[in-house]
Amino acid sequence: MQIAAAPAHLAQPRHLATPPAPNAVRAAHHPGLARAGALSAAGVFFSALSRRRKLAARRAEGEQVVTPWEVEAGEDGVDYDKLIETFGCQPITSEQIERIERLTGKRPHRFLRRGLFFSHRDLDELLNAYEKGEAFYIYTGRGPSSESLHLGHLVPFLFTKWLQEAFDVPLVIELTDDEKFLFKKDLTIEESRRLAWENAKDIIACGFDPKKTFIFRDSDYIQQLYPVTLQIQKRISLRTAQNTFGFDPADNIGKVAFAAVQASPAFSIAFPDFLEPGRRCFVPQAIDQDPYFRLCRRVAEDLKWPKPACIHSKFLPALQGHQTKMSASVASTALYMTDTEKKLRKKINKHAFSGGGKTEEEQREHGANLDVDVSYQYLKIWLEDDEELERIGEDYAAGKLLTGEVKKRLGDVVSEIVREHQEARARIEDATVERFMDPAREELRSSFAKKLATEAA
Ligand code: TRP
């Protein structure tokens, strides 16, 4: 377990230089953790007018609300241009997509070609460095809030897998069992850890390369994260956290501190087993996670650590329409990775909002509004064939295709994706999860060392 000498600006706290326990993965959780959820923040520390109330006021005025915990759009769906503006990110341009194609020699993933990933921070800086031969690593994550994932949950992971292959870089995946424990009233730590473990199987089933991928539960890996987390915690004031996330005075203090936990894996010193200090980080995420990384980047600047670059996706709309996103907790809005083909088709037929005419005659005469038609919007995300998508779009908008026919095609496409996922997941054993969750594996270190050697050559 060697730790490379850190450049002066990344000087580590002395206790980080002590090799971490060899296999933290199997470390039992600390009983003290169980008490953390019972603490609640002293309201006196917070400003009088809670941000939550301000959010409520905005909502009452019909404005959109997008936070890591809540997505509520106006009548016309989420206004993503406005989000870019209020969050202060940048739209992804076609030049950048072409540049990614040039640099990787790979056809951009359809999520990128079709604008599902639409926004970024510092993408050019990342690509500039990559072009000069500087490798980065990818960091993404999942909050294990439910047993079965839905189609929307797969979006960041499928895209991350493409990025990992295209750029050939290491990947770390954080499972925030701590976050879900703190934010969900009735969830126990044991259950949250179990869900994280089960979710890891779904993630692995997306096809990640074990030689280049480390998956961890926060409650296991916190010992290695902690020195980094502490540095971050010390540089985020209560005021900043509250302004960024809109905490309520009655919220537990674990929620406030968690922001620093999610920021920690964005710094390579959190992975001394297989990453050298100072390596750049790239974070694919749904746009609702941006507040975490806005904070994280600010702290990075303070600490003179490399600022993580980000790429943001839109949300998968709910079956009922794009006013809200697909939600695991509202069963009728979501297509689950555990659904049978029959169930998937039934849900699509019954719930998928139609932008087509009310009757066959109306549809033949006026055609469909593709922008609000959920079946078409889903095909745009899940149908790989560009020509077929274009044909369906033209015919449906012109009234040559009926909603039922488009739904039928969507049913075919989604059923195949779900069936393949179910088959892949069934093959994942606990031993495979253990392998992915071991940070001290020789294969992780060596596939990375090889890369270093070729770079030096
Ligand atoms: N908080 C995220 C969620 O609830 C999980 C997460 C942790 C994450 N780290 C991340 C998501 C990094 C994107 C990027 O789903």
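About the thresholds
Residues numbered from 1 in each chain as written. Predicted model: local features only at pLDDT ≥ 70, side-chain atom pairs only at ≥ 80, totals over all residues. Heavy atoms only, no water. Helix = DSSP H or I, 4+ residues; strand = E, 2+ residues; numbered from the N terminus. Buried < 20%, exposed > 50% of the residue type's maximum accessible area, 1.4 Å probe, protein only. Areas by Shrake-Rupley, 256 points an atom, 1.4 Å probe, with all protein chains shown as cover. Pairing = 2+ DSSP bridges. pLDDT = per-residue confidence, 0-100. Contact = heavy atoms within 4.5 Å. Phe/Tyr/Trp six-rings, centres within 6.5 Å; stacked < 30°, edge-to-face > 60°. Near = heavy atom within 4 Å. Polar contact = N/O pair within 3.5 Å; in protein donor to acceptor, adjacent residues only side chain to side chain. Salt bridge = Lys/Arg side-chain N within 4 Å of Asp/Glu carboxyl O.

With respect to the overall build of the chain
In terms of regular secondary structure, the chain is built from 20 helices and 11 strands. Each of the 457 residues in the chain was classed as buried or not, and the buried ones make up 54%. With an accessible surface of roughly 20800 Å², the chain has 51% of that area assigned to carbon and sulfur atoms.

Observations concerning the pairing of strand β4 (residues 117–121)
Among the five residues that make up β4, five are buried, leaving the element largely enclosed by the rest of the structure. Examined bridge by bridge, strand β3 (residues 90–91) and β4 share two bridges and lie antiparallel to one another. Following the sheet pairing, proline 91 is matched in β4 by serine 119. Across four bridges, β4 lies against strand β9 (residues 309–313) in antiparallel orientation.

Describing the confidence of the model for the chain
Per-residue pLDDT for the chain has a mean of 87; in total, 84% of the residues score no lower than 70. Note on residues 1–48: pLDDT under 50 across the span, and 78 contacts to partners over four residues away in sequence or across chains.

Concerning the packing of aromatic side chains
Scanning the model with the defined rule gives 26 aromatic pairs in all. Aromatic pair tyrosine 80 and phenylalanine 315: ring centres 6.2 Å apart, planes at 45°, arrangement tilted. Residue tyrosine 80 is found in helix α3 (residues 80–87), and its partner phenylalanine 315 is found in the loop between β9 and β10 (317–318); the two are separated by 235 residues along the sequence. The exposure classification of tyrosine 80 matches that of phenylalanine 315, with both residues buried. Ring geometry for phenylalanine 245 against tyrosine 292: centres 4.9 Å apart, planes inclined by 50°, an arrangement best described as tilted. Remark: tyrosine 292 occurs in helix α13 (residues 290–303) and phenylalanine 245 occurs in helix α11 (residues 238–245); sequence separation between them is 47 residues. Pair check on accessibility: phenylalanine 245 and tyrosine 292 agree, each one buried. Here the aromatic residues Trp69, Phe183, Phe245, Phe247, Phe258 and Tyr292 are joined through ring pairs into a cluster of three or more.

Description of the site of the ligand
In the neighbourhood of the ligand, 15 residues make up the surrounding shell, with Tyr139, Glu174, Glu179, Gln262 and Gln289 lying closest. Here a nitrogen atom of the ligand sits 2.9 Å away from a polar atom, N or O, in the side chain of tyrosine 139. Glutamine 289 has a polar side-chain atom sitting 3.0 Å from a nitrogen atom of the ligand. Expressed as a share of its isolated accessible area of 370 Å², the protein-covered part of the ligand is 89%.

As for the pattern of salt bridges
Applying the stated rule across the entire model yields 37 salt bridges. The salt bridge partner of arginine 113 is glutamate 384, with a shortest N-O separation of 3.5 Å. Within this pair, whereas arginine 113 is found in helix α5 (residues 110–113), its partner glutamate 384 is found in the loop between α16 (374–382) and α17 (386–397), the two being separated by 271 residues in sequence. Of the charged contacts, one joins arginine 280 and glutamate 134 as a salt bridge, the two residues approaching to 2.9 Å between their closest N and O atoms. Here the residue arginine 280 occupies a position in strand β8 (residues 280–286), and glutamate 134 occupies one in the loop between α6 (123–131) and β5 (136–142), the gap between them amounting to 146 residues. On the basis of relative accessible area, arginine 280 is assigned to the partly exposed category, the value being 25%. Residue classification places glutamate 134 among the partly exposed residues on the basis of a relative accessible area of 35%. Look at the salt bridges and you will find they share partners, linking Arg107, Arg110, Arg113, Arg114, Glu384 and Asp386 into a network.

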